[in-house]
Every structure is written in structure tokens, then in C-alpha cells.
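Each chain is listed here by its residues.
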Amino acid sequence: SNWVMTEVLRKLKEGGGGIASCPVPPAALAGLVRLIDAGTISGKIAKDVFERMWASGEEAAAIVEREGLTQLSDDSALEAIVAEVVAQSPEQAASYRGGKAAALGWFVGQVMQRTGGRANPQRVNALLRQALGVGHEAVEERGHVGQADRQREEREHRRVVRRVAGEQEEVELGVDVDRQCLGQ
């Protein structure tokens, strides 16, 4: 929800108005966050959906459904793309297998490019690690865990915390939006 706050405040600042001019109510923002938490859309897709919500006043779910923006999480479809990317990139595969964790990010980027950014990043990471034949733990033991890997794990932890919070998150999000926009 931090990026939502960033986006809301950015848009309010651009428009020069206060919270009263915000066309996206807290309940609608909570609906957007629920789509992210459920894995329906990625954070990248959510930013695009948020821009459309701001411009149109529509609910996130309606935009996602109409525009076909759901995240691709089907393992069989993703496995085919992952296999193709790995097969076409033997040098990068050898680099990752040799302990360069950052090479995984290159593979993720290739898969995301081929799916138009719609692939579920967690599934892509897991499938790539499986296809490359080296577990994350093995790379970590060699001391080559990059900042991107740590940040990814931190984001996943925050998602779990939000899921546990459930309905409380929705209420807190609305209160936080109001407080941030009012400068409290």
C-alpha cells in the first residue's frame, strides 16, 4: 500500500488539490490492493490500473476485466516461455549456475518482456530457478544474493502480513490515505 500512497499523493500534488479532489476513494484503493494481494494483478499492472481509475473513476476490478490485465499465473504457459528463454540464453544460464544471482533478474526481464509484463513474478522466479537447476539457497550459500533478491523477499513478507491483516488492512488504508492527504 505504500506505493498507492505515493501514487495518490503524486496525483494530488499534480492537480494542486487536496483530498476532497481525489477521484479515487479509499474503498476503491483497497479494492486495488486486494487485486494485488490475490495475485490477480502485479504491482506494475496496478500502477497502470490506478492511472485509469484516477482518470475514469471506475473500480479497479472493472478496468482489469475489461482491459484483460490479469496476471498470467498458469504454470504450463509460463513453463513454456521459461524453457524457451533459458534455451536461448546459455551464457546467462551458466552465469547464474556459477553463482551470479543477478543473472536471474535478466531471465525474469526476458519472461516479462515476452508476456507483456503480465507474468506473475513469483511464479516466474520459482520456475526459472527450477529450470536453471540451482535453488536460491545454493546461490545464497555462496554469498551472491543480490539486493533485488532481498527486496523481493521483503515484498513477499509484506504481502503475507497484509493478507493476515485482512479486513483491518482495508480500514487502515482508508484512514492512512485521509491522514496523509490532510498532512496529519
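Our structure's up above, just so we're on the same page.
Keep in mind that what you see is a predicted model, and the values were worked out from it rather than measured.

Visitor: Please clarify how helix H4 (residues 60-67) should be interpreted in this entry.
Guide: Residues three or four positions apart in an α-helix share a direction because the helix packs 3.6 residues into each turn. Residues of H4 that are buried: Ala60, Ile63 and Val64. Buried residues along H4 cover an arc of 95° about the axis, so they all sit on one side. Its buried side turned inward, H4 meets helix H2 (26-37) and helix H3 (43-56). The positive-phi residue at the C-terminal boundary of H4 is Gly68, with phi of around 65°.

Visitor: Hey, could you run me through the packing of helix H6 (residues 90-97) against helix H8 (residues 121-132) in this one?
Guide: When two helices pack together, their arrangement is captured by the angle between the axes and the distance separating the axes. Look at H6 against H8: their axes get within 10 Å of each other, and the N-to-C directions meet at 90°. Considering the angle they form, H6 stands roughly perpendicular to H8. Contact with H6, carried on its side by Ala93, Tyr96 and Arg97, involves Arg129, Ala131 and Leu132 of H8 and no other residues of that element. Taken together, the residues of the contact of H6 with H8 break down into four nonpolar, no polar and two charged.

Visitor: Can you walk me through the packing of helix H5 (residues 75-87) against helix H7 (residues 102-114) in this structure?
Guide: Contact geometry of H5 with H7 gives a least axis separation of 10 Å together with a crossing angle of 125°. Between H5 and H7, the crossing angle belongs to the class labelled oblique. The handedness of the crossing between H5 and H7 is right-handed. For the pair H5 and H7, contact is made by Ile81, Val82, Glu84, Val85 and Val86 and by Phe107, Gln110, Val111 and Arg114, respectively.

Each value, and the rule that gives it
- Residues numbered from 1 in each chain as written.
- Predicted model: local features only at pLDDT ≥ 70, side-chain atom pairs only at ≥ 80, totals over all residues.
- Heavy atoms only, no water.
- Buried < 20%, exposed > 50% of the residue type's maximum accessible area, 1.4 Å probe, protein only.
- Helix = DSSP H or I, 4+ residues; strand = E, 2+ residues; numbered from the N terminus.
- Arc of directions from axis to C-beta.
- Contact = heavy atoms within 4.5 Å.
- Axes fitted to C-alpha atoms, helices over the stretch in contact; angles between N-to-C directions.
- Parallel < 35°, antiparallel > 145°, perpendicular 65-115°, else oblique.
- Nonpolar A, V, L, I, M, F, W, Y, C, P; charged D, E, K, R; others polar.
- Left-handed = near helix turned anticlockwise from the far one by under 90°.

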